[in-house]
Structures are given as C-alpha cells and as structure tokens.
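Residues per chain, in single letters:
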Amino acid sequence: MRVSLFKSKGKMTAVEKKITLDNVDLFSLLGMNDENLKILEERFNATITVRGENVTIKGVLEEVELTEKILKEMIYVLNTSGKLKPADVETILSLTVEGKELIDDEEFESIVLYTKHDVIKAKSAGQRKYIEAAKKNDICFAIGPAGTGKTYLAVALAVAALKKGLVKKLILARPAVEAGESLGFLPGDFKEKIDPYLKPLYDALDDMMPSDKLRSYLEKEIIEIVPLAYMRGRTLNNAYVILDEAQNATAMQMKMFLTRLGANSKAIITGDITQIDLPDKQVSGLVQAKEILSGIKGVAFVYFDKSDVVRHRLVKDIIDAYEKFNGNNK
C-alpha cells in the first residue's frame, strides 16, 4: 500500500492511496456492470480506479481513508459469505459512516487466507508477530508449545503465496522420528507407514483448499508432503518450504534442509523444543539453529508461549500443569 501527497502552493490538496487486492474475486467485489463500485462513487467525491488487482483512490485525506475502510469491509464480507450484493454495500456504508466496523485495521492486516468456510487470521499477539516475521523474512523459525497455530498458519501462509502466484510449489516436510512407536511394526508399505507422520499437514491443507484442487496439486507435485530425508540433494526454486516438528531433526538434517533453499523461495521451520523425541546422544537441529542463526539478516525467530494457545481452553491448563510438574521434579 502506498500513499502519495500532492501539493499545490505549499498546501496539501489531494491524497492518492494504492491498494493491492489479494485473494479477491474482482467481479463479485465490483458487482455486475460495476454496480457495487458505482454506489461508492455516488456517495463520495474521491475517484476510484481499478486496474487488475490494483485499486487507486484519489481525493481529500478523510474521504480516501473512509473509502479504503469501506473497501476492506466489502472484501471481508465477500470473502466470508461468498457474495456481495448492492444492499450489503449500502449496509456497510451506513455502518462505516456511523463509525461501526465489522473488522478493524489491525485484524484486517492479520488475515492470511480466506477459505470457503473460514477466515484464517492471527488470534493472538504472538500469531501477529509470526505472520509479520514470515512475510518480511525468507526464513522464519516458529518455536513454542502445541496448540499455538505454528503449523496451521505456516501452511496458510504457503497456500496464500501459491494462490497469489508468488511461488510455484509448496513443499511440506516432517522428520519421521519414532515417537514411542516403531515403523517396522506398522502395517503396509513405506508410504503407508510414513503417512501417519504427515497426516497433520494433509489435514491443514484439506481445511484450506477444495478437495479436487488439492488432489490435483498433489498429483502434479505442485504440493509435496514428504519425510525430511527426501529433501536431500534438491535445490528448491520458487517454492514455499515448511519443516514441521523440527525439534526432531538432527543438526545435520537441519543444515541439509536450510541449504536446499533456492532463488525466490521462503521457508518456515516450526517446532517445540520441550517435545524432542531424538535419542539422548543426538542434538536437536532446532536447538542448535537457535544458537547458530540468531542475528542473521533475513532469518527470524518467533517464540510462542501458552498465552498463544488457540485450541480447546483446557490445553493451556494442561501445558501449565506439566510445566509445574516438571519444575517440581527437577
């Protein structure tokens, strides 16, 4: 978003604001024959120009800001309900002029992805920092307890980047570490043995994409969900790469994963350093990365705590109880 001030004889006479419309069906937003847009133009003196995904609003500052706010409300209603009628625009206009908002600016900026049934956005201060860090940096580490949305938001950010055409493929990886179970005793071939480890990634994608499109992307390998070991020897260009459960990656595996990143690629690494399932003598690559990579420009570390838990209310209490138990038994 860019704001330019036009001055004449030392006085500010007009403001121009440019907005990029991400994940928006422009035809539905503007209405048939631009009927929704015409309602705005009739109500305000500000001029609104639409070129592809870019909207330019020109006028006095107050009107430009109000028009921008109404457009955000229109986008929110369209993407959450799947439709936007002229009557909806009139309602939004009335509410906004009266100072009543459906969604505030901070909440709007934290929206990552619109799905058919939901809006995926930050639900805590920690999640807002996470989204901002992931957008600004090519490599982002998200470290914290279960239930804080680390993996779910990472997948949403990756899907949003794919939908916008910022990347050409998604790669989601997990270490296949035996957390109290033996792969050898599980039934089926290797794929059937490994799929339970990757199921949370499939579940997240299934929430965010129509089933037929997800199936097509998986078949065409536009989206890959693989064990971490399968990343060796690859160079990943134009890709969004996620390493989940990274506390169970060895130091060597972590270095291998991070050095796969190619041109125009981004990576998110998520993990919980209190849930390491590696054998005692092996160092967690996530723990080591905290020590080695902190301070490198373009690499961000975001830390969650129990206040960021967004699952069932009891999850916070469970985490708290275990923390107290472990503290009393040191």
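Our structure is the block above this text.
(A) Just the packing of helix α10 (residues 251-258) against helix α11 (residues 285-293), in detail. Axis separation between α10 and α11 bottoms out at 8 Å; the angle between their running directions is 60 degrees. The chirality of how α10 crosses α11 is right-handed. Taken together, the residues of α11 that come into contact with α10 (itself represented by Ala251, Met254 and Leu258) are Gly285, Leu286, Gln288, Ala289 and Leu293. By residue class, the composition of the contact of α10 with α11 is six nonpolar, two polar and no charged.

(B) Region of the structure containing the packing of helix α3 (residues 61-81) against helix α4 (residues 86-97). Between α3 and α4, whose axes approach to 10 Å, the crossing angle comes to 135 degrees. The orientation of α3 relative to α4 falls into the category oblique. Of the two possible hands of crossing, α3 and α4 adopt the one that is right-handed. Across from Leu66, Lys69, Ile70, Glu73, Met74 and Val77 in α3, the residues of α4 making contact are Val89, Ile92, Leu93 and Thr96. Across the contact of α3 with α4, the residue classes tally to seven nonpolar, one polar and two charged.

(C) Representation of unusual backbone geometry. With phi around 60 degrees, Asp34 is a residue other than glycine that occupies positive phi space. Looking at where Asp34 falls in the secondary structure, it is placed in the loop between α1 (26-30) and α2 (35-43). Of note, Asn238 is a non-glycine position whose phi angle comes to about 50 degrees, a positive value. Topologically, Asn238 is positioned in the loop between β9 (223-227) and β10 (239-243). When its relative accessible area of 26% is taken as the criterion, Asn238 is described as partly exposed.

(D) A look at the packing of aromatic side chains. Scanning all chains against the criterion turns up three aromatic pairs. Relative to Phe304, the ring of Tyr130 lies with its centre 5.4 Å away and its plane at 90 degrees, an arrangement referred to as edge-to-face. Taken together, the residues span a long stretch of sequence, with Tyr130 in helix α6 (residues 125-136) and Phe304 in the loop between β12 (299-303) and α12 (313-328) at a distance of 174 residues. When sorted by exposure, Tyr130 lands in the same class as Phe304, which is buried. A centroid spacing of 4.5 Å and a plane angle of 5 degrees characterise the contact between Phe141 and Phe301, whose relative ring orientation is stacked. Of this pair, Phe141 sits in strand β7 (residues 139-143) while Phe301 sits in strand β12, and the two are 160 residues apart along the sequence. Assessed through its relative accessible area of 19%, Phe301 is described here as buried. Taken together, the ring pairs in this structure connect Phe141, Phe301 and Tyr303 into an aromatic cluster.

Criteria and thresholds
Residues numbered from 1 in each chain as written. Predicted model: local features only at pLDDT ≥ 70, side-chain atom pairs only at ≥ 80, totals over all residues. Heavy atoms only, no water. Axes fitted to C-alpha atoms, helices over the stretch in contact; angles between N-to-C directions. Helix = DSSP H or I, 4+ residues; strand = E, 2+ residues; numbered from the N terminus. Left-handed = near helix turned anticlockwise from the far one by under 90°. Contact = heavy atoms within 4.5 Å. Nonpolar A, V, L, I, M, F, W, Y, C, P; charged D, E, K, R; others polar. Parallel < 35°, antiparallel > 145°, perpendicular 65-115°, else oblique. Buried < 20%, exposed > 50% of the residue type's maximum accessible area, 1.4 Å probe, protein only. Phe/Tyr/Trp six-rings, centres within 6.5 Å; stacked < 30°, edge-to-face > 60°.

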